[in-house]
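As a plain string of letters, each chain reads:
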Amino acid sequence: MSSEVKKRIDTLRELIRENDYNYYVLAEPAISDYNYDMLIKELEKLEAEHPEFISPDSPTQRVGKDLTKEFKAATHKVPMLSLANSYNEDDLNDFDRRVRKELPEGEEIEYVVEYKIDGASVNINYVNGLFNTAATRGDGFTGEEITANVKTIKTIPLRFKESKDIPYRLNDVEVRGEIFMKVEDFKKLNNEREEKGEKLFANPRNSSAGTLKMQDPRIVAQRPLNMFAYVLISTEENFDSQSENLQILKKLGFNINPETRLFKTINEVLEYCRVLEEKRYSLEYEIDGAVIKVNSIRQQTLLGSIAKSPRWAIAFKFKAKQAFTKLKEITWSVGRTGAVTPVAELEPVLLAGSTISRATLHNIDEIRRKDIRENDIVIIEKGGDVIPKVVAVVLDERKENTKATEPPLNCPVCSALLFQPEDEVAYYCENTECPAQEKGRLEHFASRGAMDIEGLGEALIDLFVEQGFLKSYADIYELKGKRDELIQVDRLGEKSVDNLLAAIEESKKQPFAKVLFALGIRYVGSGAAKKLAGHFLSIDELMGAAEEDITSIHEIGPSISGSVIKFFSDESNRAIIKKLVEHGINFKSEKRTSTETFFTGKTFVLTGTLSTFSREEAGEKITALGGKITSSVSKKTNFVIAGENAGSKLSKAEKLGVEIMNESELMIHLQKAENK
Ligand code: IVH
């Protein structure tokens, strides 16, 4: 009996898988929705009656019920590199020349040209053909595990499709691809969000990336995410070529971008890039260029990589999408540092999938250079960044009697006289109590990379500042004594106030480095904050440090140290910090981090020619990170770093069994240590 049931379950799963593939990957449904639903219902029923047969790759198991509390860190077995960019024919010719120079003379080279999909990249591990885990790219070395969310995506198989003609062992492999949302689906999602009064996504890429980081996989399952797989990686098999790799992925049931082509010369590559550029407007999804890859994996290995990008591939960026519109007004916005930046208020216009009504104008020099005036017809452009910019004015359409734009004399928010430091183009409002600066500082303090106070966003901060609840960030921690008053504010309600107060309490656990970043000290970005917090173990140590103590930290220069000293010598800043300490904010680090790197205490010998820098430069970097360089190889040597044409030192290392490192491995270690 039960073997009958098992058989039926297997048949149902196979049928559903086949139909999912037809529907989602091929977009050629083979049965009616009704019949499909019947198959699902029958399978669900049998699995409910026989839970012993439920397996993680069953089509019913795509959507988990458990919320993810926090995303665990996941280290990639093979780093996820990024791509260098090219923009024109010359750049592509240079790329081709570099490739040919590095490969043995006379070798034939083929290039694969693919679309560069504008989404979020993901790394999926399959063990014995079954979906195991999935992770975001992160910094290329370590990402976040988002398995439950990625499993909900129907174009990604939970088990490889059976295929007899794949001549490789695929016991433990990684599939990499780009997760994206079709433009139409993105618009639909934003419309629904608008109706519900929810925050809108800026573009399809953000909506894909945002969805992948949601805590509830049931909501992710309702979002129309797709994936184009672009590479299969195995540490135990040597594949032949990128084009073969894509064919294997296709046979395993993945969605492969159909526009991919193979060419023999860089001229053909360029020609095809132009075809793809033209075609972008008729696509259902967003792309931001093409990717050109050397097809042969053997050649890819010979070429290797420099720093974070491979020598065997390059991105070809398309021209940014442009639109014409009227610039109604130039307004000036005041940021948290007091810098006053011009903003173009535009007649709303559709550009690359979203409606644009504001664009940045950068600074007054830029406005003068381009002679941008109110009431002009302007060309706006959306490049790699989310924020659109004004690139030029259509002078032929300029009305008579328009006036050249001048910066305001007074702060548009608090009316204080503006000041322009000698060496800067920006004008500053120097009134530290200017409400716009206060709001900006509070927003930064509460933001995700800083204290990460969920719910305390721009709108609520504006409201609280206007109603007098907040002025400095220490006030945030006094809100809990005002619960009853807050509930009355703009009908916030008990639940949202309690959630907010809980999030504020939770933020007290943020590590010292995030707290330091949150303080908004000029030039202290998240990287510098990490280094400071890893060196000085408490706020007292940091406040007591002399400028030279601070500059002694690797990669902390005089502008950062000067700014830190200035910040802590300000009485009002000291008063705020005192209050934060009293509220129990974490101003201590667990352990010293920045001094310990991969290189600390190890001995290295450099030999052969390196391509990214000279041996001397490499040596300086290693020494700065705590390593020691010696000239001859002995048993005490920890690593021999071997460049091109390495000779006797390399053979000695081999004889003594000293570990050998190639240039790209060195680059990866340097990057990691420097980012620490
Ligand atoms: S190959 C070393 N192929 O672009 C090779 N990447 O800057 C790097 N991307 O993070 C990946 N479409 O998310 C490759 N057809 C494609 C791609 C693609 C989009 C993204 C990917 C990666 C970024 C590289």
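Each value, and the rule that gives it
- Starting from 1, residues in each chain are numbered consecutively following that chain's sequence as written.
- Local features in a predicted model are, by the rule used here, given only for residues with pLDDT of at least 70; side-chain atom pairs are given and counted only at 80 or more, and totals for whole chains, interfaces and linings are based on all residues.
- Water and hydrogen atoms play no part in the side-chain values, which are based on all heavy atoms of the structure.
- Following DSSP output, two strands are said to pair if at least two bridges run between them.
- Going along the chain from the N terminus, every DSSP run of H or I of four or more residues is numbered as a helix, and every run of E of two or more is numbered as a strand.
- A fitted line through C-alpha atoms represents every axis, and for helices the fit uses only the stretch in contact; the resulting angles, taken between N-to-C directions, go from 0 to 180 degrees.
- Residues are counted as near a molecule or strand when any one of their heavy atoms sits within 4 Å of it.
- In protein, a polar contact means a hydrogen-donor-capable atom and an acceptor-capable atom, both N or O and within 3.5 Å, with residues adjacent in sequence counting only if both atoms are side-chain atoms; elsewhere, any N or O pair within 3.5 Å suffices.
- In these tables, accessible area is a Shrake-Rupley quantity obtained with a 1.4 Å probe, and a residue counts as shielded only by the protein chains included in the view.
- Each residue gets one of three labels from its accessible area relative to the maximum for its type: buried under 20%, exposed over 50%, partly exposed in between, using a 1.4 Å probe on protein chains only.
- Note that the arc is computed from the directions linking the helix axis to the C-beta atoms.
- We call two residues contacting when some pair of their heavy atoms lies within 4.5 Å.
- Any angle between 65 and 115 degrees counts as roughly perpendicular, while under 35 counts as roughly parallel, over 145 as roughly antiparallel, and the rest as oblique.
- A crossing counts as left-handed when the near helix is turned anticlockwise from the far one by less than a right angle, and as right-handed when that turn is clockwise.
- Residues are grouped as follows: Ala, Val, Leu, Ile, Met, Phe, Trp, Tyr, Cys and Pro are nonpolar; Asp, Glu, Lys and Arg are charged; every other residue, Gly included, is polar.
- Nonpolar cores are built from buried Ala, Val, Leu, Ile, Met, Phe, Trp, Tyr and Cys residues. Side-chain atoms within 4.5 Å join them into one set.
- Salt bridges are counted wherever a side-chain nitrogen of Lys or Arg sits within 4 Å of a carboxyl oxygen of Asp or Glu.

Colleague: Help me understand the sheet that holds strand β8 (residues 225–234) in this model?
Modeller: Pairing between sheet strands relies on hydrogen bonds along the backbone, with the strands arranged either parallel or antiparallel. Reading across from one edge, β5-β4-β7-β8 is the order of the four strands in this open sheet, with antiparallel pairing throughout. Every other strand in the sheet has two partners, leaving β5 (130–136) and β8 as the edge strands with one partner each. With strand direction ignored, the average angle separating the axes of adjacent strands in the sheet is 30°. Both strand β4 (residues 120–127) and strand β7 (residues 172–181) contribute to a ladder of eight bridges, which runs antiparallel. Across the sheet, Val127 pairs through a bridge with Asp172, a residue of β7.

Colleague: Just checking my understanding: could you explain the site of the ligand for this structure?
Modeller: Taken together, 14 residues form the shell around the ligand, and within it Glu114, Ile117, Ser121, Glu178 and Lys293 come nearest. One of the backbone N or O atoms of Leu83 is found 3.2 Å from an oxygen atom in the ligand. At 3.4 Å, a side-chain N or O of Lys116 approaches an oxygen atom of the ligand. When the ligand sits alone it has 510 Å² of accessible area, and the protein chains cover 88% of it.

Colleague: Would you take a moment to explain helix α8 (residues 242–251) for this structure?
Modeller: Helical periodicity: at 3.6 residues per turn, an α-helix aligns residues three or four positions apart in one direction. Here α8 has its buried residues at Gln242, Asn245, Leu246, Ile248 and Leu249. For α8, the angular spread of the buried residues around the axis is 160°, confining them to a single face. Residues of α8 that are buried sit in contact with β3 (111–117), β7, β8, β10 (287–294) and α10 (297–303). Looking at the residues trailing α8, positive phi occurs at Gly253, about 105°.

Colleague: Teacher, can you tell me more about the sheet that holds strand β21 (residues 603–607) here?
Modeller: Spatially, β22-β21-β23-β24 is the arrangement adopted by the four strands of the open sheet, whose pairing is parallel. Every interior strand has two partners, whereas the edge strands, β22 (628–629) and β24 (659–661), have only one. Here three bridges tie strand β23 (residues 639–642) to β24, and the two strands are oriented parallel to one another. From the neighbouring strand, Val640 faces β24, where its bridge partner is Ile660. Running at roughly 170° to β21, helix α22 (residues 615–624) makes contact with β21, β22 and β23 of the sheet.

Colleague: Looking at this structure, how should I read the packing of helix α12 (residues 435–446) against helix α13 (residues 458–466)?
Modeller: A packed helix pair is summarised by two numbers, namely the angle formed by the two axes and the spacing between the axes. Closest axis-to-axis distance for the α12/α13 pair is 10 Å, and the angle between their directions is 135°. If you check the angle between α12 and α13, you find them oblique. Note on packing geometry: the crossing formed by α12 with α13 is right-handed. Of the residues in α13, those touching α12 at Lys439, Leu442 and Glu443 are Glu458, Ile461, Asp462, Val465 and Glu466. A class-by-class count of the residues in the contact of α12 with α13 yields three nonpolar, no polar and five charged.

Colleague: Honestly, the environment of Ser243 in this entry has me stumped. Any pointers?
Modeller: Checked against the element boundaries, Ser243 lands in helix α8. Residues Ser243 and Ser296, spaced 53 residues apart in sequence, show a C-alpha to C-alpha distance of 8.5 Å. Contacts of Ser243, omitting those with residues within four sequence positions, involve Val112, Leu262 and Asn295.

Colleague: What exactly am I supposed to notice about the nonpolar core here?
Modeller: For soluble globular proteins, nonpolar side chains are generally found buried alongside one another. If you look at the biggest cluster of nonpolar residues, it comprises 56 residues, and the most contacted ones within it are Ile453, Phe464, Ile476 and Leu580. When near neighbours in sequence (up to four residues on either side) are disregarded, Ile476 contacts Leu442, Phe445, Ile453, Leu456, Leu470 and Ile504. Residues Ile124, Ala134, Val175 and Leu212 belong to the second largest nonpolar core, which totals 38 residues.

Colleague: What is the right way to look at the pattern of salt bridges in this model?
Modeller: Close approach of charged atoms allows side chains of opposite charge to pair. All chains considered together, the criterion is met by 45 salt bridges. In this structure, the salt-bridge partner of Glu110 is Lys264, at a minimum N-O distance of 3.2 Å. Here the residue Glu110 occupies a position in the loop between α3 (89–102) and β3, and Lys264 occupies one in the loop between β9 (261–263) and α9 (266–279), the gap between them amounting to 154 residues. Looking at Glu110, the relative accessible area reads 25%, which means it is partly exposed. The shortest N-O distance in the salt bridge between Arg274 and Glu277 comes to 3.7 Å. With Arg274 and Glu277 both in helix α9, this residue pair falls three residues apart, about one helical turn. On the basis of relative accessibility, which here comes to 35%, the residue Arg274 falls in the partly exposed class. Each of Glu14, Arg17, Asp57 and Arg159 takes part in one network of salt bridges that share partners.

None of the figures reported here should be taken as evidence of function without further support.
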